[in-house]
Amino acid sequence: MKIITELSRDGNTSVPNLSKKLGVNTSVLYSRVKRLVKKKLIKKFTIVVDESLIGIGVRATMGINRDPKLKDQIHKALLKTPEIVAISEVTGRFDILLTLRAQNLEELHTVAIEKIGKIEGIQNTETFVELQKTDKDPVYTVTE
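Right, let's walk through the structure included here. Within each chain, residues carry numbers counting from 1 in the order of the written sequence. pLDDT decides what is reported in this predicted model: residues at 70 or higher carry local features, side-chain atom pairs at 80 or more are listed and counted, and totals for whole chains, interfaces and linings draw on all residues regardless. Values reported for side chains reflect all heavy atoms of the structure, with hydrogen atoms and water molecules removed beforehand.

1. Things to note about the packing of aromatic side chains
Point 1. Ring geometry is summarised as follows: Phe, Tyr and Trp rings, the Trp one being its six-membered ring, pair when their centres sit within 6.5 Å, and such pairs are stacked at plane angles under 30 degrees, edge-to-face over 60 and tilted between the two. If you walk through the whole model with that rule in mind, you get 1 aromatic pair.
Point 2. Taken together, a centroid distance of 6.4 Å and an interplanar angle of 80° make the contact between F94 and F128 edge-to-face. With F94 in the loop between β2 (84–89) and β3 (96–102) and F128 in strand β4 (residues 122–129), the pair connects residues that are 34 residues apart, well separated along the chain.
Point 3. To sort residues, take the accessible area from a 1.4 Å probe on protein chains only and compare it with the maximum for the residue type: under 20% means buried, over 50% means exposed, and anything in between is partly exposed. Here F94 falls in the buried class, since its relative accessible area comes to 10%.
Point 4. For F128, a relative accessible area of 37% translates into the label partly exposed. Helix and strand definitions follow DSSP, with helices as H or I runs of at least four residues and strands as E runs of at least two, each counted in order from the N terminus.

Quick look at the structure:
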C-alpha cells in the first residue's frame, strides 16, 4: 500500500528514489512494482496536465436525467462528446453525472445546449460550474 500511495503522488519517481524513501531494497521494490502492474492493481502510469495552460478555463459537473429505454444510445452519444471527460451512472436525484471541460462559459453553454441537450432521451440537465478545486493526494491503507 505504501508503494501504491507513493506512486499515486508521483508516478514518475525513480525506483532508486522510491526504495530510499520506503526503506526497501531497489531490486525488491522493482519486482513488487512489476507484480502490482501484472496483477492490474496499477492500471497505468500517467501525467497530470495543467489545463489552464492549454486553454481550459471552465470545469463543470452536469447532472442528467434520461429515458431509461435509451440508456445505451445516450451513453454512446456522450462518449462522442470531446468536452466530456467522465461519465458516472449514479443513484439519487440524477441518473448520470458528467465531468466537463471547456475554454470558457460560452463554450460550456454551447456544449450543454447544442450537444448534450439535443441528445434524444435526455429529459433534463443541471450544470454546476466549478469555482475552486482542491485535489487531495490519496492514501491507501491496509484493511484487515
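That was the structure; now back to the text.
2. Brief notes about unusual backbone geometry
Point 1. Of note in the backbone geometry, K40 takes a positive phi value of approximately 65° without being a glycine.
Point 2. On the basis of relative accessibility, which here comes to 63%, the residue K40 falls in the exposed class.

3. Here's the deal with the side chain of S19
Point 1. Examined against the element boundaries, S19 turns out to sit in helix α2 (residues 15–22).
Point 2. Classification of S19 by relative accessible area gives buried; the value is 6%.
Point 3. Whether two residues are in contact is decided by their heavy atoms, any of which lying within 4.5 Å being enough. Ignoring sequence-local partners within four residues, the contact set of S19 consists of V24, N25, T26 and L29.

4. Thoughts on the nonpolar core
Point 1. Among the buried residues, those of types Ala, Val, Leu, Ile, Met, Phe, Trp, Tyr and Cys that are joined through side-chain atoms within 4.5 Å form a nonpolar core. With 18 residues, the main nonpolar core has M62, I64, I74, L78, L98, L100 and I116 as its most contacted residues.
Point 2. At the level of elements, β1 (58–66), α4 (71–79), β3 and α5 (105–116) are the ones that each hand at least two residues to this core.

5. Overview of the environment of G23
Point 1. Summarising the element assignment, G23 is placed in the loop between α2 and α3 (26–38).
Point 2. With 100 residues separating them in the primary sequence, G23 and Q123 have C-alpha atoms 55 Å apart.

All we've got here are geometric facts, nothing functional implied.
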